[in-house]
Amino acid sequence: MAGRIVLFGATGYTGRLTAEAMAARGLRPVLAARNVERLRQMGDELGGLEIAVADVARPDSVRALVERGDVLVTTVGPFARHGDPAAEAAVAAGAHYLDSTGEPAFIRRVFEEYGPRAESAGCGMVTAFGYDWVPGNLAGALALEEAGDEATRVAVGYFITGEASGGTSGGTAASAAGALVEPVFAWRDGAIRTERGAKRIASFDVDGRRRQGISTGASEHFALPRLHPSLREVDVYLGWFGPLSRAMQAMSAGTSVATLVPGVKSGIDAVTSRVVRGSTGGPDAAARARRGSYVVAVACGADGHRLAEVRVAGVDGYDFTGRILAWGAERSAAAGMRGSGALGPVEAFGLEELEGGCREAGIERV
Ligand SMILES: NC(=O)c1ccc[n+]([C@@H]2O[C@H](COP(=O)([O-])OP(=O)(O)OC[C@H]3O[C@@H](n4cnc5c(N)ncnc54)[C@H](OP(=O)(O)O)[C@@H]3O)[C@@H](O)[C@H]2O)c1
């Protein structure tokens, strides 16, 4: 029998997009969040869905959401602040788990801390199963498959096409503000190494134009070396900042130094959590339709020569996130995941299947 799908954070901006994408696939998720009135209204709108009240401030209420064999999808963020109760609940119950985080520190925690516990519990956990960082896992895995054993390095760049000015959700802004003051990581000499965000800048050919990105931590760093054990270096670059990349690099150097001084980091945290409130909605459908995604992966050999390059492109990141979470939840509920513990997107579902899922969610190879 297929497990239940529980969507935690359903009343948030990304949660709502995910619930709608699930309903569009004919799924009947249990909608979970902290506000019972908004849940009732949403459950009615989407065809009379079951609802459940849970609050991360009461971890038992989150724990009660799932049982073994269920699939827990969570969009409750920022994950550094609110993410642990859902991850704990999945591991405790032995439920499969998918989340929408893009935050490097939380991704690392899922792979390093929750992963071994999920393996013992016999459930799969796929963190960052949204626009951050599924398309790069797909493009990277396709490039590495083409490049073969000679490949020792892969670099992935994420870019926005069309009108980038449509804004981000309050949730993304809150998570990004949090991530800027944390150290990130890269895959170097066959291991995860801590480093500051925006330490490196690289440029990629995006639709015939050179565009810059700044380095960050992502799930590719953990997931791609498992598929391709000869990898020595994995880098992921965010290209949202365009010509501001150098300024971002300088700012990140400043915040990294600041975070080493006692008291300064908590000051920055206090300011970002005051300025960035979260739950402020996000771009509407018209704004999302005016922009798109473009992700490039380049696989190289030890001497730096290019062996393969793969590009995937398509819809706006929020639309993609809702739809790919719905796709992943449906597959996990019907057939489980292809392993247990913390898994990369390709490990969890298979390369061909993930490519099909991304196509259904609006991003495909170009
Ligand atoms: N990977 C990607 O590409 C991607 C894409 C989109 C979003 N995200 C991430 O997903 C997260 C959500 O983003 P968003 O845009 O949907 O932000 P949002 O609208 O602010 O949603 C945050 C959600 O967390 C819930 N929440 C906050 N405190 C809670 C608590 N104490 N107990 C239970 N729930 C609580 C909110 O509940 P209420 O509805 O009751 O306020 C809301 O549902 C963020 O971390 C964002 O960075 C990532």
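Please refer to the structure placed before this passage.
Not measured: the values here are computed from a predicted model.

Undergrad: Run through the overall build of the protein, naming residues and quoting values.
TA: Looking only at helices and strands, the protein features 15 helices and 16 strands. When each of the 366 residues of the protein is scored for burial, the buried share is 52%.

Undergrad: With reference to specific residues and values, describe unusual backbone geometry.
TA: Excluding glycine, residues mostly have negative phi values, and the peptide bonds linking residues are mostly trans. Each neighbour pair has its own omega, and for Gly77 with Pro78 the value is 0 degrees, a cis peptide bond. When you line up the elements, Pro78 lands in the loop between β4 (71-74) and α4 (79-82). Look at Ala128: it is not a glycine, yet its phi comes out positive at around 60 degrees. As for its placement among the helices and strands, Ala128 is situated in the loop between β6 (124-126) and α7 (134-147). One non-glycine residue, Ala198, adopts positive backbone phi at about 60 degrees. With respect to the helices and strands, the residue Ala198 is situated in the loop between β9 (191-195) and β10 (201-206).

Undergrad: Help me get a handle on the pairing of strand β12 (residues 233-238), residues and values and all.
TA: Counting buried residues in β12 gives five out of six residues, a clear majority hidden from the surface. Where strand β7 (residues 151-162) and β12 come together, six bridges link them in parallel fashion. By the bridge assignment for β12, Tyr158 is matched with Leu238. For strand β8 (residues 184-188) and β12, the ladder comprises two bridges, and the chain directions are antiparallel. Among the inter-strand pairings, Arg188 is bridged to a residue of β12, identified as Glu233.

Undergrad: Can you explain the sheet that holds strand β5 (residues 96-99)? Please cite residues and give values.
TA: Spatial strand order, β3-β2-β1-β4-β5-β6-β15: seven strands in an open sheet with parallel pairing. Taken across any chain shown, the strands that pair with only one partner, and hence form the sheet edges, are β3 (51-53) and β15 (341-342). Pairing between strand β1 (residues 5-8) and strand β2 (residues 30-33): three bridges, direction parallel. Bridging across to β2, Val6 finds its partner in Val30. Running over the sheet, helix α1 (residues 13-24) touches β1, β2 and β4 and is turned about 155 degrees from β1. Strands in contact with helix α5 (residues 84-93) are β1, β4, β5 and β6; relative to β4, the strand with the most contacts, it is inclined by about 170 degrees.

Undergrad: Summarise α7; cite the residues concerned and give the values.
TA: Along an α-helix, residues three or four apart share an orientation, since each turn contains 3.6 residues. A rise of 1.5 Å per residue sets the reference length of α7, with its 14 residues, at 20 Å; its end C-alpha atoms lie 20 Å apart and thus fit the reference within 8%. With respect to burial, α7 is a largely interior element, twelve of its 14 residues being buried. Turning to α7, its buried residues number three or more, namely Val134, Pro135, Gly136, Asn137, Leu138, Ala139, Gly140, Ala141, Leu142, Ala143, Leu144 and Ala147. Of the residues one or two after α7, Gly148 is the one with positive phi, at around 75 degrees.

Undergrad: Describe the environment of Phe8, listing the residues and the values that go with them.
TA: Considering the arrangement of structural elements, one finds Phe8 in strand β1. On a C-alpha basis, the gap between Phe8 and Thr75 in space is 6.3 Å, while along the polypeptide they are 67 residues apart. In this structure Phe8 touches Ala32, Ala54, Val62, Leu65, Leu72, Val73, Thr74, Val76 and Ala86, once residues within four positions along its chain are discounted.

Undergrad: Describe the packing of α7 against helix α15 (residues 351-361), naming the residues involved and giving the relevant values.
TA: Axis separation between α7 and α15 bottoms out at 10 Å; the angle between their running directions is 135 degrees. By the angle class used here, α7 and α15 are oblique. Where α7 crosses over α15, the handedness of that crossing is left-handed. Packed against α7, whose contacting residues are Val134, Pro135, Leu138, Ala141 and Glu145, the element α15 presents Leu351, Leu354, Glu355 and Cys358 at the interface. Residues that form the contact of α7 with α15 fall into these classes: seven nonpolar, no polar and two charged.

Undergrad: So what about the nonpolar core? Which residues, and what values?
TA: Residues Phe8, Ala32, Leu72, Ala90 and Val154 are the most contacted members of the largest nonpolar core, which totals 110 residues. The residues that make up this core include at least three from each of domain 1 (5-131 + 318-365) and domain 2 (134-316).

Undergrad: Any chance you could break down the environment of Ser100 for me, citing the residues and the numbers?
TA: Tracing the backbone through its elements, the reader meets Ser100 in the loop between β5 and α6 (104-121). Take Ser100: there are 31 C-beta atoms within 10 Å of it, and that puts it in the buried class. Among residues more than four places away in sequence, those in contact with Ser100 are Thr14, Thr75, Gly77, Phe129, Gly130, Thr321 and Leu325.

Undergrad: If you had to explain α15 to someone new, which residues and values would you point to?
TA: Turning to α15, its buried residues are Leu354, Glu355, Gly357, Cys358 and Ala361. For α15, the arc enclosing every buried residue in end-on projection is 160 degrees, short of the 170-degree limit, so these residues lie on one face. On its buried side, α15 packs onto α7, β14 (306-314), α13 (317-335), α14 (345-349) and β16 (363-365). In the stretch just after α15, Gly362 is the one whose phi turns positive, near 105 degrees.

Reading the values: rules and limits
Residues numbered from 1 in each chain as written. Predicted model: local features only at pLDDT ≥ 70, side-chain atom pairs only at ≥ 80, totals over all residues. Helix = DSSP H or I, 4+ residues; strand = E, 2+ residues; numbered from the N terminus. Buried ≥ 20, exposed ≤ 12 C-beta atoms within 10 Å, placed from the backbone. Pairing = 2+ DSSP bridges. Contact = placed C-beta atoms within 7 Å. Axes fitted to C-alpha atoms, helices over the stretch in contact; angles between N-to-C directions. Expected span 1.5 Å × (residues − 1). Parallel < 35°, antiparallel > 145°, perpendicular 65-115°, else oblique. Left-handed = near helix turned anticlockwise from the far one by under 90°. Nonpolar A, V, L, I, M, F, W, Y, C, P; charged D, E, K, R; others polar. Core = buried A, V, L, I, M, F, W, Y, C linked by C-beta atoms within 7 Å. Domains from an automatic or database assignment. Arc of directions from axis to C-beta.

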